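Topology and contacts: notes
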Amino acid sequence: MRQWHGNGIYFGGDYNPEQWPEQTWSEDVELMRRAGVNLVSVGIFSWALLEPTPGRFEFGWLDRVLDLLHSGGIQVDLATATASPPPWLARAHPETLPRRADGTILWPGGRQAYCPSSPIFRERSLEVVRAVAGRYAEHPAVVMWHISNELGCHNAHCYCDVSAEAFRGWLRERYGDLDGLNDAWGTAFWSQHYGDWAEINPPRTAPAFANPTQQLDFLRFSSDELRAQLRAEREVLRTLVRQPITTNFMIGMGVKHMDYQSWADDVDLVSNDHYLTAADPQAHLGLALAADHTRGVAGGDPWLLMEHSTSAVQWQPRNVAKLPGQLRRNSLAHVARGADGVLFFQWRASRSGAEKFHSALVPHAGPDTKVFREVCQLGADLKALAEVRGSRVDADVAILFDWEAWWGVELDSHPSVDVRYADRLNALYGALWRAGVTADVVHPSADLSGYRLVLAPTLYLVRDADVAALHRYVEGGGTAAVTYFSGIVDENDHIRLGGYPGAFRELLGVRTEEFFPLREGEQVRLDDGSTADVWTEWLHPDGAEVLASYTDGPLPGVPALTRHRVGDGAAWYVGTRLDEAATDRLVARLVGEAGVRPAAPAPSGVEVVRRRDGDQSWLFVINHTEAEARLPVTGTELLTGARCSGELTLPAGAVAVVREDRTDHPA
Ligand code: GAL
């Protein structure tokens, strides 16, 4: 790991000067300085201009851009420029183009039109990395390297013949021989037994459901192939440059196909892109979850927000603009949750191309705008928060998250299409957010010992070692809660026999003999007054106490919510999809039992998160409501410099960051 922090919080965004005449560049630097920008990502989509014909590099314009930025005191996160190959690559080597499962070829003209397993793409892209890194390794503006861009955003799965061959190689590594593969894939079923490696393909469009383990392995393979590109570029960089290396992840927003947890060790710092689902009035919850998850992937360390938007994007059906104040709330919510840098896509709004209606730091209308004024305000805010850099976020709750469990649970041929991986995650996270409780979102193999409460939503696929660790955690006095359709299969997607929820039966003290998924729209009631939908199951307590049972639906009288004392702790099971109010009540009970407290007692709709460094702490308070909020805080408010002696008053929509007096909040 290379040290990546600057003097304060990074602030800036993607800078694409190649889209503009050179006269604009000096104005850019002047405006960047005015806004307080200190870091820009350059060259992300520049391959076609840097290498206009195979093997001939033209660096003149990039030399001038980097020198100009440096003379203006703006630091650079320099891209390896491999994000999107130039059109000549596909013309010379059509076999580098990706194919969908049905054989459709994805052509150049957009971006990322390459097969991640293509040896030709790999070779050509590494040549670019060598050329760029060789030229700019010592450039004084460059403080960070940016590998590719959102690897897998558009080309995560390729089903071409080159990919098929690479998939076979990956399977040989995993299973050694065909017996191992046939066993893992359960090929005794439907006459699928393989007698030769050459018979195996990616799960291309087939007449009936494809083998689930084949699908799962293809998802693993595809994530690994993209990771291999990341690692190959990193290896080249490591030999040539000394600055820290990152690539932008897309944690949150439903991005499913890259197992970022497994990529985290390949970068010197975790960076993430996040865009709001603008039409969602609760979008700030999705933002908070993405940020907490990014921190979890980073092992709790500070991370960098590589991209978000100053206002609307252009790729949603209705691209809702941010209201005044929202840019600040969004940006500082990321900082509250561990970001030590706030960058945007992009510096100047494009005048042509598919992203011309995407917001930027400098809008089409120029600097005399609400957006640019808010950008300047944010620059000043981040400067005032420099001392927060390097501190960590307080969290007593862990939510377990595993991309493999996500992949597994959303395969086809399951009991109900209404069981979605993110559903209970969002529900439990939302309840914690409303209770003012911060959670780390971590992999099931993470060290759980520091948490008071562990939640396992829909952990369908789970490894034995992780089950054992959760058991030990509860025995040692922890509180855990597991939701339905968890513990069902092993890593090969084979059912854990003997009754559900398989791997968690013993921990939870329950045994389910049959699932009773509900019809679309069907609701059931519980004897504690809750309602639920989507899922019920014929559950027998086997050591657990029953906390609530169904009063109607297919299973009247059958337990829906249980609690099992294990050692010094307790393991709760939620066997149905509780409504929001019931989920809030459940989380309140869990939090109470585990002794978890909110970061500060705050009115509903006011987000409170604490960052800490040794015995110094900072309380971030974000008022998402339309009313003034008051809460007990003592310290110095950094954005205004005001003292808070016992109470903070925060106007509607405002943000405060209070350096707390040291005696206030012992860790
Ligand atoms: C990201 C991407 C950027 C830009 C942005 C628009 O996915 O990295 O290049 O396309 O989205 O929101």
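My aim in this report is to walk through the structure given alongside it, one point at a time. (Residues numbered from 1 in each chain as written. Predicted model: local features only at pLDDT ≥ 70, side-chain atom pairs only at ≥ 80, totals over all residues. Heavy atoms only, no water.)

Scanning the protein chain for helices and strands turns up 17 helices and 29 strands. A globule of 667 residues ought to have a C-alpha radius of gyration of about 26 Å, and the protein chain, at 26 Å, matches this closely. Considering only C-alpha atoms, the protein chain reaches an extent of 75 × 75 × 40 Å along its principal axes. Taking all 667 residues of the protein chain together, the buried fraction comes to 59%. Sequence-distant contacts in the protein chain: of pairs separated by 6 or more residues, those separated by 24 or more amount to 72%. (Helix = DSSP H or I, 4+ residues; strand = E, 2+ residues; numbered from the N terminus. Rg over C-alpha atoms; globule rule 2.2 N^0.38 Å. Buried < 20%, exposed > 50% of the residue type's maximum accessible area, 1.4 Å probe, protein only. Contact = heavy atoms within 4.5 Å.)

Moving on: the nonpolar core. Ranked by internal contacts, the top residues of the largest apolar core, which has 178 residues, are V42, L69, W145 and L385. Considering each element in turn, this core owes the most residues, 9 residues, to helix α5 (residues 119–136). (Core = buried A, V, L, I, M, F, W, Y, C linked by side-chain atoms within 4.5 Å.)

Each regular strand carries side chains that alternate between the two faces of the sheet. Burial of strand β21 (residues 569–574) is extensive: 6 of the 6 residues sit out of reach of the surface. As paired strands, strand β14 (residues 479–483) and β21 are joined by 5 bridges and run parallel to one another. Note on β21: the bridge partner recorded for T483 is V574. As defined by bridge partners, strand β20 (residues 559–566) adjoins β21 across 6 bridges and the pair is classed as antiparallel. Of the residues in β21, the one forming a bridge with T562 is Y573. Hairpin connection from β20 to β21: 2 residues lie between these consecutive antiparallel strands, with G567 at a positive phi of about 55 degrees. (Pairing = 2+ DSSP bridges.)

Another point: the site of the ligand. Taken together, the residues surrounding the ligand are F45, R111, N149, E150, D273, Y275, E307, W315, F345, E355 and H358. At 3.0 Å from an oxygen atom of the ligand is found a side-chain nitrogen or oxygen belonging to R111. N149 is positioned such that a nitrogen or oxygen atom in its side chain is 2.8 Å from an oxygen atom of the ligand. Here the ligand loses 96% of its free accessible area of 310 Å² to cover by the protein chains. A per-class count over the shell around the ligand returns 4 nonpolar, 2 polar and 5 charged. (Near = heavy atom within 4 Å. Polar contact = N/O pair within 3.5 Å; in protein donor to acceptor, adjacent residues only side chain to side chain. Areas by Shrake-Rupley, 256 points an atom, 1.4 Å probe, with all protein chains shown as cover. Nonpolar A, V, L, I, M, F, W, Y, C, P; charged D, E, K, R; others polar.)

Attention now moves to the sheet that holds strand β10 (residues 392–393). Taken together, the 6 strands give an open sheet; going across it, the order is β10-β23-β24-β29-β26-β27, and neighbouring strands pair in antiparallel fashion. Edge positions in the sheet fall to β10 and β27 (643–645), since each has one partner strand and no second. Alignment of strand β23 (residues 606–613) against strand β24 (residues 616–623), held across 8 bridges, turns out to be antiparallel. Following the sheet pairing, D613 is matched in β24 by Q616.

Residue placement: S391 occurs in the loop between α12 (370–384) and β10. Judged by its relative accessible area of 1%, S391 is buried. Ignoring any residue separated from it by four or fewer positions in sequence, one finds S391 in contact with P302, R611, R612, D613 and W618.

Compared with the 21 Å implied by 1.5 Å per residue over 15 residues, the 21 Å span of helix α6 (residues 161–175) between its first and last C-alpha is a close match. Those residues of α6 that fall on the buried side of the exposure criterion are S163, A164, F167, R168, W170, L171 and Y175. On an axial view of α6, the arc spanned by its buried residues comes to 165 degrees, and they lie on one face. Away from the buried face of α6 by more than 90 degrees, exposed residues E165 and E173 are located. Where α6 is buried, its residues contact α7 (178–185) and α8 (212–240). Where α6 terminates, the next one or two residues include G176, which has phi positive at roughly 75 degrees. (Expected span 1.5 Å × (residues − 1). Arc of directions from axis to C-beta.)

All right, on to the packing of aromatic side chains then. In the structure shown here, the tally under the stated rule is 31 aromatic pairs. Ring geometry for F401 versus W403: centroids 4.9 Å apart, planes at 75 degrees, classification edge-to-face. Taking the relative accessible area as the measure of exposure, W403 reaches 1% and is therefore buried. Aromatic side chains F485 and W535 sit 5.1 Å apart centroid to centroid with 50 degrees between the ring planes, which places their arrangement in the tilted category. (Phe/Tyr/Trp six-rings, centres within 6.5 Å; stacked < 30°, edge-to-face > 60°.)

Turning next to the sheet that holds β20. Within the open sheet, the 7 strands sit side by side as β12-β11-β13-β14-β21-β20-β19. Their pairing is mixed. Where the open sheet ends on each side, the last strands, each with one partner, are β12 (439–442) and β19 (545–549). Between one strand axis and the next, the sheet turns by 20 degrees as a mean value, whatever way the strands run. Taken together, the 4 bridges between strand β11 (residues 397–400) and β12 define a ladder with parallel strand orientation. Across the sheet, residue L400 finds its bridge partner in β12, namely V442. (Axes fitted to C-alpha atoms, helices over the stretch in contact; angles between N-to-C directions.)

Among the structural elements, C158 can be located in the loop between β4 (142–146) and α6. Taking the relative accessible area as the measure of exposure, C158 reaches 4% and is therefore buried. Placed 60 residues apart in sequence, C158 and F218 show a C-alpha to C-alpha distance of 9.8 Å. Non-local contacts of C158, meaning those with residues more than four positions away in its chain, are made with P98, R99, C115, P116, S163 and F218.

Taken by themselves, the reported measurements are silent on function.
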